[in-house]
Protein chains: 2
Amino acid sequence: MRTVVEHRRAALALVAPLPSERVPLDAAEGRVLAGDVRADAALPRWDNSAMDGYAVRAEDVAGAPDGPVVLRVLADLPAGSDAEPDVVPGTAARIMTGAPLPPGADSIVPVEATDGGTDTVRIDVPPRRGAHVRRAGEDVGAGDLVLPAGTLLGAPQIAAAASVGAGDLLVHRAPRVAVLSTGSELVPPGQPLRRGQIPDSNSFGLAAAVRAAGGRALRVGAVPDDVDVLRRVLTDWDGAAPDDRPDLVLTSGGVSMGAFDVVKELLADHAGMEFVSVAMQPGKPQGLGRLPGGTPVVAVPGNPVSALVSFHVFVVPLLRRLRGLADPDPDAERETAVVADGWRTPPAREQYMPVTLTRGVHGAAGGAGLVARRAVPGGSGSHLVAGLARAHGLAVVAADVEEVRPADVLPVLRLGRG
Amino acid sequence: MRTVVEHRRAALALVAPLPSERVPLDAAEGRVLAGDVRADAALPRWDNSAMDGYAVRAEDVAGAPDGPVVLRVLADLPAGSDAEPDVVPGTAARIMTGAPLPPGADSIVPVEATDGGTDTVRIDVPPRRGAHVRRAGEDVGAGDLVLPAGTLLGAPQIAAAASVGAGDLLVHRAPRVAVLSTGSELVPPGQPLRRGQIPDSNSFGLAAAVRAAGGRALRVGAVPDDVDVLRRVLTDWDGAAPDDRPDLVLTSGGVSMGAFDVVKELLADHAGMEFVSVAMQPGKPQGLGRLPGGTPVVAVPGNPVSALVSFHVFVVPLLRRLRGLADPDPDAERETAVVADGWRTPPAREQYMPVTLTRGVHGAAGGAGLVARRAVPGGSGSHLVAGLARAHGLAVVAADVEEVRPADVLPVLRLGRG
């Protein structure tokens, strides 16, 4: 049997970072930079005031400890002013936070240390030379690297890009993922069911998972167990405009050894595909490869819990690579949790147990670490979507572990946005 | 001075969960349930097969250990079949995973334990009675609560809702947040700057933060330091269609004591507003309340680092309440990190230090906990957006701490999606 790490490596090998496009800053949240962002000029651009107050020559007000000093106010410098009044001896300029330091001045006296005058100003406390002046280039020098390619763009990164004058950003295209479930028993949720039918949940759950993982879901819905219908659905995109073609096809169901396992039946003989057993629980039967047209496809099992576990273990890293993230395999960043209850685990298979996660005080350092409890005390592998709905994450139990005991520490995969 | 907790309570008191709307499952990701989701029927609906194989009467095949038993195959039951063949003594039905158990049968023999025949089947291993049968109601009983109101809808929750037949969901409307920055020095990023001008970064950074926090950002952009212009912008919505009115107005800048602090100048005398000093660093000057038309407004300082810190400390909880999350104040769920380097902190102010977070082994339990390092070794309060762009979170230092030492454990606020 293939290990989880081997199968994830095979999934990652199917894809490369998507081409780049320029997007305005308002469309950049959640995208990944496709090129470095460098400062086009120093930041701040000019020596400027860090306070609302008065720009002065320090030597003029050195005498203030012995009594107030009065200076003539020769200009008002609001933020945005391009005035450059010469602060000659005996004068000051009223200045707002962020306004450039006028020529001649070397220090800022905060308004709180003055009488706030507009014609003349009385200064009660002498500043040290250079006080409250932000120096040009203090934050970033011209040409400095501000955000490297591969950076995930959140609010701080977008603010930083705007600060250095970037009006738009070169980012990787967001992955388009076609999502379909297979099974003649599936009908759209909300429709009446006759004997043997169940609502299609996988195409909705996996489409939501795609969206949460930064992709665009093209939800095809449920396809019956009919090889011809499935073939038509899977090749329909070949004739579509490039912008409408998926970057990845994600199927659920039809990958084990049943007589109606259509995904396997249709694709197993194709050279670009492989159907394997992976040493994990749930999620043992897995398929991946390329459709005849070349589109990467990941085929996960149809059990809803297995499908979501497979998504987090194999598809999230693949989407991270498509999106252009520097480190697509999130293993290194996995959180850990202390287990509150124990359970027996299957031999020689890596187990993904749905768990609730709460904060609890533990550890020598006294940190409020995570405590994991099984979301479904009955097990991990069965058809227990309602239990999975309570889970915050999946606790990962190594293949060579046969029993998890209370107080064991396990890595956990969050079932959230990524 | 007001404490952070007091000011957050004042922010939360401004809002209530938004009205509900019905959305299809495809639009539900990231929304919050406004009503309980209960199962309309038991799940599974029928006793059904957990394996691909043969539905049999256990008593017919009890003799298999003494040699194979051969049964006549009277029907094929693919998933989705509504056939109800009577499995009389001496017969079996070929059955696929998920198909309802036919009358008379009580056990499933996996295909691997047979010769896979279609007219007759040879059974080599006798099943125990009830083997591989999933019982009706095993997962959820009819009427059971599956997802309570207040649940954040991710992939597992949407899959669970679909499984119990929900075709659409009652969710809280997503908050619409008008975002504007104030300052005559601000020009859109990408435009050439003359002396004294800087790119507007706050309206872009805060709009991205709103999107990451599950809101819809209506980015107004930069408004000059002109009370009349600001008044017009802030009252423009009174005449707008209800669907275009913001649920919250978020301003940055103009809240301290400068001569051009327009937000404060315009709103300070209004009975619904308060401008206060909060015992935090950065982010001391804060304003909040209601505009004359009744719309809640949060006014944060203009320094880009202060603005983003204020957003995470005050606006994220407010948005969580608007979205309908059961517990809007995320304090209880805060992660902790071990500090790698120390620094001195301001007295009597809660400090929010931008930090990078990496995994490191620590603690008695051997867990791979978070290690925090200052993203900007120089400090937390200055105009260091480029440093904030490297930060993964904000380490929170209590007001009564004057020095953080290496190996101290601090709560951290993640600067990510929430």
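Residues numbered from 1 in each chain as written. Chains lettered and ligands numbered in written order. Predicted model: local features only at pLDDT ≥ 70, side-chain atom pairs only at ≥ 80, totals over all residues. Heavy atoms only, no water.

With that settled, consider the overall build of chain A. When helices and strands are tallied, chain A shows seven helices and 27 strands. Against the 2.2 N^0.38 benchmark of 22 Å for 418 residues, chain A shows a C-alpha radius of gyration of 31 Å, more extended than a compact globule. For chain A, the C-alpha atoms occupy an extent of roughly 95 × 55 × 40 Å along the three principal directions. Per-residue burial over chain A gives 59% buried out of 418 residues. The average position of the 41 basic charges and that of the 49 acidic charges among the side chains of chain A differ by 7 Å. (Helix = DSSP H or I, 4+ residues; strand = E, 2+ residues; numbered from the N terminus. Rg over C-alpha atoms; globule rule 2.2 N^0.38 Å. Buried < 20%, exposed > 50% of the residue type's maximum accessible area, 1.4 Å probe, protein only. Lys, Arg positive; Asp, Glu negative; His and termini not counted. Charge placed at Lys NZ, Arg CZ, Asp CG, Glu CD.)

Another aspect to go through is the relation of the copies chain A and chain B. The operation linking the two copies of the chain is a rotation about an axis combined with a translation along the axis. Rotating chain A by 180 degrees about the axis while translating it 0.0 Å along that axis superimposes it on chain B, leaving an RMSD of 0.1 Å. The superposition operator between the copies reduces to a two-fold rotation axis. The share of interface residues of chain A whose copies in chain B are also at the interface is 100%, consistent with both copies meeting through the same surface. (Least-squares fit on C-alpha atoms with pLDDT ≥ 70 in both. Contact = heavy atoms within 4.5 Å.)

With 90 residues of chain A at the interface, the matching set in chain B holds 90 residues. For the chain A and chain B pair, buried surface summed over both sides reaches about 7600 Å², with 59% attributable to carbon and sulfur atoms. Joining chain A to chain B, the criterion identifies eight salt bridges. Asp26 of chain B is the salt-bridge partner of Arg219 of chain A, the closest N and O atoms lying 2.8 Å from each other. For the interface between chain A and chain B, the tally reads 14 residue pairs in polar contact (both at pLDDT 80 or more). Among the secondary structure elements, those contributing two or more residues to the side of chain A that touches chain B are strand 10 (145–147), helix 2 (155–163), helix 3 (202–212), strand 21 (335–339), strand 23 (350–361) and helix 7 (385–388) of chain A. Sorting elements by how many residues they give to the side of chain A that touches chain B places helix 2 of chain A first, with eight residues. When its residues are assigned to classes, the side of chain A that touches chain B shows 45 nonpolar, 20 polar and 25 charged. (Buried area = accessible area lost by both parts, 1.4 Å probe. Salt bridge = Lys/Arg side-chain N within 4 Å of Asp/Glu carboxyl O. Polar contact = N/O pair within 3.5 Å; in protein donor to acceptor, adjacent residues only side chain to side chain. Nonpolar A, V, L, I, M, F, W, Y, C, P; charged D, E, K, R; others polar.)

This part takes up the domain arrangement of chain A. Residues and elements named next belong to chain A. According to the domain assignment, chain A contains domain 1 (4–19 + 173–330), domain 2 (21–43 + 138–172), domain 3 (48–134) and domain 4 (334–414). On a C-alpha basis, the centres of domain 1 and domain 4 stand 26 Å from each other. One can count zero salt bridges joining domain 1 with domain 4. At the boundary of domain 1 with domain 4, the tally comes to five residue pairs in polar contact (both at pLDDT 80 or more). Of all the secondary-structure elements, those providing two or more residues to the side of domain 1 that touches domain 4 are helix 1 (4–12), strand 18 (280–281) and helix 6 (304–323). Residue contributions to the side of domain 1 that touches domain 4 peak at six residues, all from helix 6. (Domains from an automatic or database assignment.)

Next up on the list: unusual backbone geometry. Residue Pro44 of chain A is bonded to the preceding Leu43 of chain A through a cis peptide linkage, with omega at -10 degrees. In this fold, Pro44 of chain A is placed in the loop between strand 2 (37–38) and strand 3 (48–49). With omega at -5 degrees, the peptide bond leading from Gln281 of chain B into Pro282 of chain B counts as cis. Mapped onto the elements, Pro282 of chain B comes out in the loop between strand 18 (280–281) and strand 19 (285–290). In this structure, His132 of chain A is a non-glycine residue whose phi angle is positive, near 55 degrees. By secondary structure assignment, the location of His132 of chain A is in the loop between strand 8 (120–123) and strand 9 (133–134). A relative accessible area of 32% places His132 of chain A in the partly exposed class. The backbone phi angle of Ala407 of chain B is positive, close to 85 degrees, even though this residue is not glycine. On the secondary structure map, Ala407 of chain B appears in the loop between strand 26 (403–404) and strand 27 (409–414). Classification of Ala407 of chain B by relative accessible area gives exposed; the value is 54%.

It is worth spelling out the environment of Arg334 of chain A at this point. Along the polypeptide, Arg334 of chain A turns up in the loop between helix 6 and strand 21. Residues Arg334 of chain A and Val412 of chain A, 78 residues apart in the sequence, show an inter-C-alpha distance of 6.2 Å. Those residues in contact with Arg334 of chain A that sit more than four places away from it in its chain are Arg8, Tyr352, Val396, Pro411, Val412 and Leu413 of chain A together with Arg359 of chain B.

So, on to the environment of Val397 of chain B. All names here are of chain B. Residue placement: Val397 occurs in strand 25 (residues 393–397). We classify Val397 as buried; its relative accessible area is 1%. Along the primary structure Val397 and Tyr352 are separated by 45 residues, whereas in three dimensions their C-alpha atoms are 6.5 Å apart.

This part takes up the sheet that holds strand 15 (residues 216–223) of chain B. All names here are of chain B. Overall, mixed pairing links the six strands, which are arranged 15-12-16-20-19-17 in an open sheet. A strand with exactly one partner marks an edge of an open sheet, and here the two such strands are strand 15 and strand 17 (273–277). The sheet shows a mean angle of 15 degrees between the axes of neighbouring strands, direction not considered. The strands touched by helix 3 (residues 202–212) are strand 12 (176–182), strand 15, strand 16 (248–252) and strand 20 (296–300); relative to strand 15, the strand with the most contacts, the crossing angle is about 170 degrees. (Pairing = 2+ DSSP bridges. Axes fitted to C-alpha atoms, helices over the stretch in contact; angles between N-to-C directions.)

Moving on to the environment of Val309 of chain B. Residue and element names in this part refer to chain B. Along the polypeptide, Val309 turns up in helix 6 (residues 304–323). Of the residues examined, Val309 reaches a relative accessible area of 1% and is grouped as buried. A sequence separation of 43 residues divides Val309 from Tyr352, and the C-alpha atoms of the two residues are 7.1 Å apart. In contact with Val309, not counting residues within four places along its chain, are Met280, Pro282, Tyr352 and Leu394.

Time to look at the confidence of the model for chain A. Summary statistics for chain A give a mean pLDDT of 90 and a share of 94% for residues scoring 70 or more. Here residues 362–366 of chain A scores under 50 on pLDDT; set against residues more than four positions off or in separate chains, the count is nine contacts. (pLDDT = per-residue confidence, 0-100.)

This part is about the packing of aromatic side chains. Counted under the stated rule, the structure contains zero aromatic pairs over all chains. One Lys or Arg, Arg219 of chain B, reaches over the ring of Phe204 of chain B and ends 3.7 Å from the middle of that ring. (Phe/Tyr/Trp six-rings, centres within 6.5 Å; stacked < 30°, edge-to-face > 60°. Lys NZ or Arg CZ within 6 Å of the ring centre and 35° of its normal.)

In terms of nonpolar packing, the biggest core is built from 69 residues, with Leu250, Phe311 and Tyr352 of chain A together with Leu169 of chain B touching the most fellow members. In terms of residue count, helix 6 of chain A provides more of this core than any other element does, twelve residues in total. Here Phe311 of chain A is in contact with Leu206, Ala209, Val210, Ala213, Leu250, Val316 and Leu319 of chain A, once residues within four sequence places are set aside. (Core = buried A, V, L, I, M, F, W, Y, C linked by side-chain atoms within 4.5 Å.)

With that out of the way, let us pick up the sheet that holds strand 5 (residues 69–77) of chain A. Residue and element names in this part refer to chain A. If you walk across this open sheet you meet the five strands as 7-4-6-5-8, and the pairing is mixed. The open sheet has two edge strands, strand 7 (107–110) and strand 8, and neither has a second partner. Taking the axes of each pair of neighbouring strands and ignoring which way they run, one obtains an average angle of 40 degrees across the sheet. Pairing of strand 4 (residues 53–56) with strand 7, which is carried by four bridges, proceeds in the antiparallel orientation. By the bridge assignment, Tyr54 is partnered in strand 7 with Val109.

This part covers the side chain of Ser49 of chain B. Residues and elements named next belong to chain B. Inspection of the secondary structure puts Ser49 in strand 3 (residues 48–49). Overall, the relative accessible area of 0% leaves Ser49 in the buried class. Of note is the side chain of Ser49, whose polar atom sits 2.5 Å from the backbone oxygen of Met51. In contact with Ser49, not counting residues within four places along its chain, are Ile95, Met96, Thr97, Gly98, Ala99, Ile108, His132 and Arg134.

Attention now moves to the pattern of salt bridges. What the rule picks out here adds up to 37 salt bridges over all chains. Salt-bridge contacts for Glu84 of chain B lead to Arg195 of chain A; the nearest nitrogen and oxygen are separated by 3.7 Å. Here Arg195 of chain A lies in the loop between strand 13 (186–187) and strand 14 (198–199) and Glu84 of chain B lies in the loop between strand 5 (69–77) and strand 6 (91–95), a pairing that spans two chains. Arg195 of chain A gets classed as buried once you look at its relative accessible area, which sits at 18%. For Arg231 of chain A, the salt bridge goes to Asp228 of chain A, with nearest N and O atoms at 2.9 Å. Placement of both Arg231 of chain A and Asp228 of chain A in helix 4 (residues 227–235) is noted, with a separation of three residues, approximately one turn of the helix. The structure contains a network of salt bridges with shared partners spanning Asp26 of chain A together with Arg211 and Arg219 of chain B.

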